[in-house]
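# Breakdown of the fold
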Amino acid sequence: MKKKIIKICIFVLAVTAIAGGVRYLGRVTGIAWTVRKTDVYEQYFGANGEHRVNGLLKNEIFPESIPESAKIEKFVYRHEDLMDPSDAAILVYTCNEEDYKVEMSRLAELGTKEEDAYDVYGITGFPYEVVAVKADSVYGVIYAMTEPDVRRIIYVENTYCNYFSDINYERYIGQRYLPKGYNAKPGNPVREAFDAKMR
């Protein structure tokens, strides 16, 4: 009888562990590799894309579609929702002169300035010329940069809850595209100040 009870207990524990693992994996989504298919991009960032509709911050900076002339160099989107949602995304492409001018005009119309992001999670500057930026002292940053000589446009998002990112954003976005001084890792000064208020 004891052996039967032990076997039942082991079975229940195994099923619980498997269910927990499946649940964990179900909360980690997104694509984390370079892709060259615009339909994959639009699934997440199109007008009705999963991330554009459900993101923490309204993302007007990333385009709803990628121009025909674009040569995609990098597109990575990572979403994790273990306790609270975190997102990391980057899109880098070059395009022809006409498409570049159209997109630069669209971004300029957003009316955002690089200075709007200063001091948000330690930001002191950006590695490339900034065209548009949305920075929030709680939820993080979304911005677009450019290298005009080669008509390259770089879009970056790192958003999260509770004053830190659960994602290793440096790995997915790449250090070269992140703002100078930016720190949204667990234990960053913004999170520490929040913790101090809660004590």
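The coordinates are above.
Now for a description of the structure that goes with this document. (Residues numbered from 1 in each chain as written. Predicted model: local features only at pLDDT ≥ 70, side-chain atom pairs only at ≥ 80, totals over all residues. Heavy atoms only, no water.)

### Here we look at the overall build of the protein chain
Along the backbone of the protein chain there are six helices and six strands. For the protein chain, the sequential pattern of α-helices and β-strands runs α-β-α-α-β-β-α-β-β-β-α-α. A buried classification covers 41% of the 199 residues belonging to the protein chain. Across the protein chain, contacts joining residues at least 24 apart in sequence account for 58% of those joining residues at least 6 apart. Within the structure as shown, the protein chain displays about 11400 Å² of accessible surface, and the carbon and sulfur contribution to it stands at 54%. (Helix = DSSP H or I, 4+ residues; strand = E, 2+ residues; numbered from the N terminus. Buried < 20%, exposed > 50% of the residue type's maximum accessible area, 1.4 Å probe, protein only. Contact = heavy atoms within 4.5 Å. Areas by Shrake-Rupley, 256 points an atom, 1.4 Å probe, with all protein chains shown as cover.)

### A word on unusual backbone geometry
Phi is mostly negative for residues that are not glycine, and the peptide bonds are mostly trans. Positive phi, normally seen in glycine, also occurs at Tyr 121, with a value near 55°. With respect to the element layout, Tyr 121 can be found in the loop between α4 (97-109) and β4 (129-136). Despite not being glycine, Tyr 163 has its phi angle at roughly 70°, a positive value. Position of Tyr 163 relative to the elements: it lies in the loop between β6 (152-160) and α5 (169-173).

### Points about the nonpolar core
For soluble globular proteins, nonpolar side chains are generally found buried alongside one another. Ranked by size, the top nonpolar core spans 26 residues in total, and within it Tyr 177 and Tyr 182 carry the most contacts. Only β3 (85-94), β4, β5 (140-147), β6 and α5 provide two or more residues apiece to this core. Residues contacting Tyr 182, with those up to four places away along its chain left out, are Val 120, Tyr 121, Gly 122, Ile 123, Val 141, Asn 158, Tyr 160 and Tyr 169. With 24 residues, the next largest nonpolar core counts Ile 72, Ala 89, Val 131 and Ile 153 among its residues. (Core = buried A, V, L, I, M, F, W, Y, C linked by side-chain atoms within 4.5 Å.)

### Quick word on the environment of Asp 119
Summarising the element assignment, Asp 119 is placed in the loop between α4 and β4. Residues Asp 119 and Gly 181, 62 residues apart in the sequence, show an inter-C-alpha distance of 8.7 Å.

### Comments concerning the pattern of salt bridges
Within the structure shown, the criterion is met by eight salt bridges. Here Glu 147 and Arg 152 are joined by a salt bridge, their closest N and O atoms 2.9 Å apart. Owing to a relative accessible area of 18%, Arg 152 belongs among the buried residues under this scheme. Among the ionic pairs, Arg 191 bridges to Asp 195, the shortest N-O distance being 3.0 Å. Here Arg 191 pairs with Asp 195, and both are found in helix α6 (residues 189-198), just four residues apart, close to one helical turn. Judged by its relative accessible area of 25%, Asp 195 is partly exposed. Through salt bridges with shared partners, one network takes in Glu 73, Glu 147 and Arg 152. (Salt bridge = Lys/Arg side-chain N within 4 Å of Asp/Glu carboxyl O.)

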